[in-house]
Amino acid sequence: MKVSFHGQSVVQIKTEEHTIFIDPFITGNGTCDLDASEVEADVILLTHGHNDHVGDTIDIAKRSNSLVVAPNELANYLESRGLNTHPMHIGGAHQFDFGRVKLTQAFHGSAFVDEDGQSIYTGMPAGILLTVNNKTIYHAGDTGLFSDFKLIGGMNDIDLAFLPIGDNFTMGPEDALIAAEWLEAKQVVPVHYNTFPLIEQDGDAFASKVKPGKGIALKPGEGIEL
């Protein structure tokens, strides 16, 4: 399968049978290489309800009849908007036809601002462990550093981890390096940076410091074969 990065926290996983997106914030994302109107997804996985992560989920899911997997309150809200959803919560796992999903904790917030400017509480934020074809991808979502990264790494053989480095709203590069060390993933990709001036970071510099040489700073549109 091919796993590709598309700016901010957007990740696409393409297997022989499924196209899966994580946090498809495309419209309004100046770092994204995709056209939201052309994106098709069998499955959309969401870490939390902030607009820069939910992104184009509603439009894509309605057009593609995607299954949307999200933390419970966010899934319930999106179901009320007419989407096909599967609610989950932190610590829970479920085996789908496309792979196994387990949600981990993430220390952040979660609320969706709708078209009328109303802020809707969307439950706890989460990280995502996705296992497909015996390969495990960890998307940490938006989070600060926490010691259970050691536990997540110890309990899972992680092939590829996506960690936020933007600082201000999430971990910065220094804390993300500690998270990478604790996770012991085979490959680590920085995300959630350079989309806005407030989170400008040097992804290449971060990747060069991940030990022992496991860091990869993907440009939008670039991918990794797993």
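Higher on the page you've got the structure.
Below is a summary of the structure that appears in this document.

How each quantity is defined
Residues numbered from 1 in each chain as written. Predicted model: local features only at pLDDT ≥ 70, side-chain atom pairs only at ≥ 80, totals over all residues. Heavy atoms only, no water. Buried < 20%, exposed > 50% of the residue type's maximum accessible area, 1.4 Å probe, protein only. Helix = DSSP H or I, 4+ residues; strand = E, 2+ residues; numbered from the N terminus. Pairing = 2+ DSSP bridges. Arc of directions from axis to C-beta. Contact = heavy atoms within 4.5 Å. Salt bridge = Lys/Arg side-chain N within 4 Å of Asp/Glu carboxyl O. Patch = residues over 30% accessible without salt bridge, like charges linked within 9 Å, V, L, I, M, F, W, Y side chains within 5 Å. Areas by Shrake-Rupley, 256 points an atom, 1.4 Å probe, with all protein chains shown as cover.

Quick look at the pairing of strand β5 (residues 67-71) now. Of all five residues in β5, five are buried, a share of seventy percent or more. As paired strands, strand β4 (residues 43-45) and β5 are joined by three bridges and run parallel to one another. For Ile44, the partnering residue across the bridge sits in β5 and is Val68. In the sheet, β5 pairs with strand β6 (residues 84-88) via five bridges, with the strands oriented parallel. When the sheet's bridge partners are listed, Val69 is paired in β6 with His86.

On to helix α3 (residues 72-80). Each α-helix turn comprises 3.6 residues. Residues three or four places apart therefore point the same way. All buried positions along α3 are accounted for by Leu74, Ala75, Tyr77 and Leu78. Considered in projection along α3, the buried side chains sweep an arc of 160 degrees and stay on one side of the axis. Against the buried residues of α3 lie α1 (51-54), α2 (57-64), β5, β6, β9 (111-113) and β10 (119-121). Phi turns positive one or two residues past the end of α3, at Gly82, with a value near 95 degrees.

Enumeration according to the criterion identifies five salt bridges in this entry. Residue Arg81 is joined to Glu115 by a salt bridge in which the shortest nitrogen-to-oxygen separation is 2.8 Å. Separated by 34 residues along the polypeptide, Arg81 in the loop between α3 and β6 and Glu115 in the loop between β9 and β10 bring together distant segments of the chain. Residue classification places Glu115 among the exposed residues on the basis of a relative accessible area of 62%. Among the ionic contacts, a cluster of salt bridges with common partners joins Asp157, Asp159 and Lys186.

Further remarks concern a nonpolar patch on the surface. A grouping of Ile90, Tyr121 and Met124 is seen on the molecular surface, where their side chains present a nonpolar patch of about 310 Å² in accessible area. Looking at the element boundaries, Tyr121 is found in strand β10. For Tyr121, a relative accessible area of 59% gives the class exposed.

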